[in-house]
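Fold and geometry: a report
The primary structure of each chain is shown beneath.
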Amino acid sequence: MTTASAAVWRPSPERSIGVSIAWALRDIKLAHTVFALPFAVLGAFLANSAADESQTWVWPAFLGQLGLIVVCMFFARTWAMLVNRIADRRFDAANQRTARRALASGQLDSVQAAVVACAAAAGFMIACCVFWLAFRNPWPALLSIPALGWIAQYSFMKRFTWLSHVFLGGALAASPIAAAIAVEPSSLTSTPALWLIAAMVLMWVAGFDALYALQDLEFDREVGLHSMPARFGWRGAVWISRGLHALAVVALVAAWRLEPRFGWLFGVAVLGTAALLVIEHVVIARRGLDGMPMAFFTVNGIVSCLLGAVGSVDVIV
């Protein structure tokens, strides 16, 4: 660790668990849940089979399941992001871009963060068990621990492989699949579009995370972390990202054509998504890192909300 980073890294004073939670939630930016939550909602709508022969939706039960899915998403993301912050705290402290994060700056120490992370993991498992008790579906409870392990592994992948972005995509791609299991496990075999939506999320996230990693290209090379920009350079990472986003659109088109409940409305959302991804790459090409806030946060937030909302509405209609 450099002298500058050592000056940043300092133990935090004792504070209440409430203050620690506040710092932790502030640090992991809950607003970024928007990247995965809409796809979990879409997966739930696609999986819902609680309709009788007249196709009347049993809304009270489904809304209860949907509420639990939102709770699970909150706890799961809190767990995964805090594991990431704990694992990377010393790298974050040495990186000028991330040095002000709560753990890196010493506002929150590792023990406090670990307590909050474990509490989030416990909350996730409890919420999963409610599916068993309230809806007679044991699968969320049985898969809760493997799911927590799966979504946390990204935190360590940059130490070993430049495919770390794909691992992050896989963590977010689990959201529509997990939601479908929570609503109706058999939908994984009866609704192939779920897997295509998950494939789209994987490639979309891997693509935009590769662009996001452009900010740390030199730092990753300096400290020996692996990423697409560190391995292939700026130009190579951008072209890989473009290829991943092209494949994401292909998967999205395939889901639209394969799922009979998706109509023209979802088709418009697919076209809108393709246009937004083109805009993302144009912004990066023209503005470089200065365009990152718009390209990464704004455009991708719109993509997820557009597909999640329009897809859910189309399934109902």
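Side note on the overall build of the chain
Of the regular secondary structure elements, the chain holds 16 helices and zero strands. Taken across its 317 residues, the chain has 52% of its residues classed as buried. For the chain, the share of sequence-separated contacts (at least 6 apart) that also reach a separation of at least 24 residues comes to 74%.

Quick word on the nonpolar core
Nonpolar side chains in soluble globular proteins tend to end up buried together. Judged by nonpolar contacts, the single largest core of 84 residues is most densely connected at I69, W79, I197, M200, V201 and W204. Element by element, the count of residues in this core is highest for helix α12 (residues 193-212), at 14 residues. Not counting residues up to four positions away in its chain, the partners in contact with W79 are A117, A120, A121, L148, I151 and A152. The next biggest cluster of nonpolar side chains, apart from the first, holds five residues, and it includes I86, A102, L108 and A113.

A look at unusual backbone geometry
With phi around 55°, R136 is a residue other than glycine that occupies positive phi space. Note on placement: R136 falls in the loop between α7 (110-135) and α8 (139-152).

A word on the pattern of salt bridges
If you walk through the whole model with that rule in mind, you get five salt bridges. Of the charged contacts in the structure, one is a salt bridge between D88 and R159, with a shortest N-O distance of 3.2 Å. In this pair, D88 sits in the loop between α4 (59-87) and α5 (89-94) while R159 sits in the loop between α9 (154-157) and α10 (164-183), placing the two residues 71 residues apart along the sequence. The residue K158 makes a salt bridge to D220 at a minimum N-O spacing of 3.1 Å. Of this pair, K158 sits in the loop between α9 and α10 while D220 sits in helix α13 (residues 217-223); the two residues are 62 residues apart in sequence, bridging distant segments of the chain. We note that K158, like D220, is buried.

Cut-offs and rules
- Residues numbered from 1 in each chain as written.
- Predicted model: local features only at pLDDT ≥ 70, side-chain atom pairs only at ≥ 80, totals over all residues.
- Heavy atoms only, no water.
- Helix = DSSP H or I, 4+ residues; strand = E, 2+ residues; numbered from the N terminus.
- Buried < 20%, exposed > 50% of the residue type's maximum accessible area, 1.4 Å probe, protein only.
- Contact = heavy atoms within 4.5 Å.
- Core = buried A, V, L, I, M, F, W, Y, C linked by side-chain atoms within 4.5 Å.
- Salt bridge = Lys/Arg side-chain N within 4 Å of Asp/Glu carboxyl O.

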